[in-house]
Every structure is written in structure tokens, then in C-alpha cells.
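# Descriptive analysis of the structure
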Amino acid sequence: MTNAEQTAPLLEVRNLSKHFGAVRALSDFSMAVRPGEVVALAGDNGAGKTTLIKAISGVYQPTAGEILLRGQPVSFATPQEAREKGIETIYQDLALADNLSIGANIFLGREPMRRAFGFLPVLDRKRMAAAAKETMSRLDFHVSRLEAPVSNFSGGQRQAVAIGRAVYWDAQILIMDEPTAALGVPEQRKVISLIHQLKAQGRGVIFISHNLQDIFAVSDRIVVLRRGVQAGERKIAETNHDEVVKLMVGG
Ligand SMILES: Nc1ncnc2c1ncn2[C@@H]1O[C@H](COP(=O)(O)OP(=O)(O)OP(=O)(O)O)[C@@H](O)[C@H]1O
Ligand SMILES: [Mg+2]
């Protein structure tokens, strides 16, 4: 057994279901993530992966089931509440504000204020710029113009900003929905190495991907979803691409 298997889960979902009217997007699904563990979530298009993470992160209210954070039952009315409890989710459709700088994106919705002339509340831009610089260098991600709007950056750099925001706010659990899907090969590698860093820092990561090579490069375990149901769970060291594909397609 590795250390990760012996420690208590950071996050656990038990018998989670999410139905949209007659559509059973997720049924009776259970999984756990421990500190320093990367758990991959795989499944065909429409298998329920995004639904699951939205039900965990406060975007959707689960139809049934339980979410436990360090063993305590929790429920999140909004994504903001999940974030305040240390769960940062990087959605498939990234959710950065394109026209704002890295610093402004890091503080989006949590802007630091200072008092001008001792009383007038204004945005603390210096603090935002310093946080942007510190965060990006901590991730070993170098951008030449930190103050530029993030629309000027590449897909990989934008992923790094989203991951940087999570790290800045010290999220203990990061959920990433297809973080490498839209990236070129060098940028995919960079994001994979960021995930290795998060793991080394003892954070828990849920990593959704269609790319089995990425999954096998970075994950400790893989959980497969098929039509909203848990189709299997394997340690990465004890499975292979063929078996995972069979779990995904069934039969
Ligand atoms: N808001 C919604 N209302 C109704 N049905 C939905 C809603 N969101 C998802 N579904 C349905 O739930 C199922 C699971 O969708 P989901 O987006 O979770 O799949 P996914 O595994 O993330 O797929 P992909 O790999 O394509 O991103 C699909 O059948 C989808 O059509
Ligand atoms: Mg999805």
C-alpha cells in the first residue's frame, strides 16, 4: 500500500445522483480522493463526468447522495461556497475573464481593496500584480507581459492562470474538466507537469480527460463512468488502455 491509500479521504462522494427530469445523468455514484492523489475520471461523451463535478462543486444540487469533506457532510448552494471550502474547479469552458489581467483573474470575485487618502476604497492593483507575478513563477510559468489581458495568452497559459488562481487561494482539492483538450502538445506537457506539482504539494486532484496517455501519465487511480453509472475503478499501475476502453464502452 502507498501512503495515499492509508490516509483519510479529502473528498468523498457517496451514492451521488443527478437527474434532469427523465435524464439520469448520474446515478448512485461513489468515489474518494486522498491528499496527494490524482484520480482520473474517464468516460465517453455524455457519460456524466461534467455533471458529476458540477454536482460536487455547487453548480448543480444533487438529486440524492452525500458529499463529505474530510469526513464531514457538506452541501454547496453555489460554486463560491465550494471555493471557500477549498474546492476549486476548472471547468471545460474555462471561466477566465478575457479582458482582465492575470492578477485581476486571480482575484475575480475576491478583489483586494485599499483605502486611498485613508478612506476611499479602491482596487489594490499593486497587490494583484504582485500576486500574479508570484503565482506564475511558483508554477514555473513565465509570461512576458503580466499586465496584459489574458485573451492575449495561449490555451496553456490560460490553463496555468486558472490553476494559479486555485493555488493562490490554497485550494486543497482541484477538479479539472478536460484541461488539456484544447492544447498543443508542449502545452499539454506543461499542464501535466503542473498537475504533478499539485500532487507533490499534497493536494487532491480530480482530472477529467479523453486522452488515455495523459491519464496514464499523471493519475494514481482511474474511475470510469458509463451512462451515468460507475463502470469500474482501477489503480493506474494495475490496468492498461485496453481495459479502460472496455470499461468505457461496456459489453
Ligand atoms: N443541464 C442539463 N439538462 C439536461 N440534461 C443534461 C444537462 N447537463 C447534462 N445533461 C445530460 O446528462 C448527460 C451527461 O452529460 P455530461 O455533460 O455530464 O457528460 P460528459 O461525460 O461531461 O460528456 P463530455 O465528455 O462530452 O463532456 C448527457 O446525456 C447530457 O445530455
Ligand atoms: Mg463534459
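Refer to the preceding data block for the structure.
Keep in mind the model is a prediction, meaning the values are calculated, not measured.

Rules used in this analysis
Residues numbered from 1 in each chain as written. Chains lettered and ligands numbered in written order. Predicted model: local features only at pLDDT ≥ 70, side-chain atom pairs only at ≥ 80, totals over all residues. Heavy atoms only, no water. Near = heavy atom within 4 Å. Polar contact = N/O pair within 3.5 Å; in protein donor to acceptor, adjacent residues only side chain to side chain. Areas by Shrake-Rupley, 256 points an atom, 1.4 Å probe, with all protein chains shown as cover. Helix = DSSP H or I, 4+ residues; strand = E, 2+ residues; numbered from the N terminus. Nonpolar A, V, L, I, M, F, W, Y, C, P; charged D, E, K, R; others polar. Patch = residues over 30% accessible without salt bridge, like charges linked within 9 Å, V, L, I, M, F, W, Y side chains within 5 Å. Salt bridge = Lys/Arg side-chain N within 4 Å of Asp/Glu carboxyl O. Buried < 20%, exposed > 50% of the residue type's maximum accessible area, 1.4 Å probe, protein only.

### Considerations on the site of ligand 1
- Surrounding ligand 1, one finds 14 residues, the nearest of these being N45, G46, K49, T50 and T51.
- A47 has a polar backbone atom sitting 3.2 Å from an oxygen atom of ligand 1.
- Measuring from an oxygen atom of ligand 1, one finds a side-chain N or O atom of T50 at 2.8 Å.
- Within the complex, the protein chains bury 64% of what would otherwise be the 640 Å² of accessible surface of ligand 1.
- Looking at which element gives the most residues to the shell around ligand 1, the answer is helix 2 (residues 49-56), with three residues.
- Residue composition of the shell around ligand 1, grouped by class: four nonpolar, seven polar and three charged.

### So, a nonpolar patch on the surface
- Together, F117, F119 and L120 make up a nonpolar patch on the protein surface, roughly 390 Å² of accessible area in all.
- Turning to its location among the elements, L120 is positioned in strand 8 (residues 120-123).

### Examining unusual backbone geometry
- In this structure, N15 takes a positive phi of about 50° despite not being glycine.
- Locating N15 in the fold gives a position in strand 1 (residues 11-20).
- The exposure class assigned to N15 is partly exposed, which follows from its relative accessible area of 40%.
- Located in the positive-phi region is R70, a residue other than glycine, with phi close to 45°.
- Among the secondary structure elements, R70 is positioned in the loop between strand 4 (64-69) and strand 5 (72-74).

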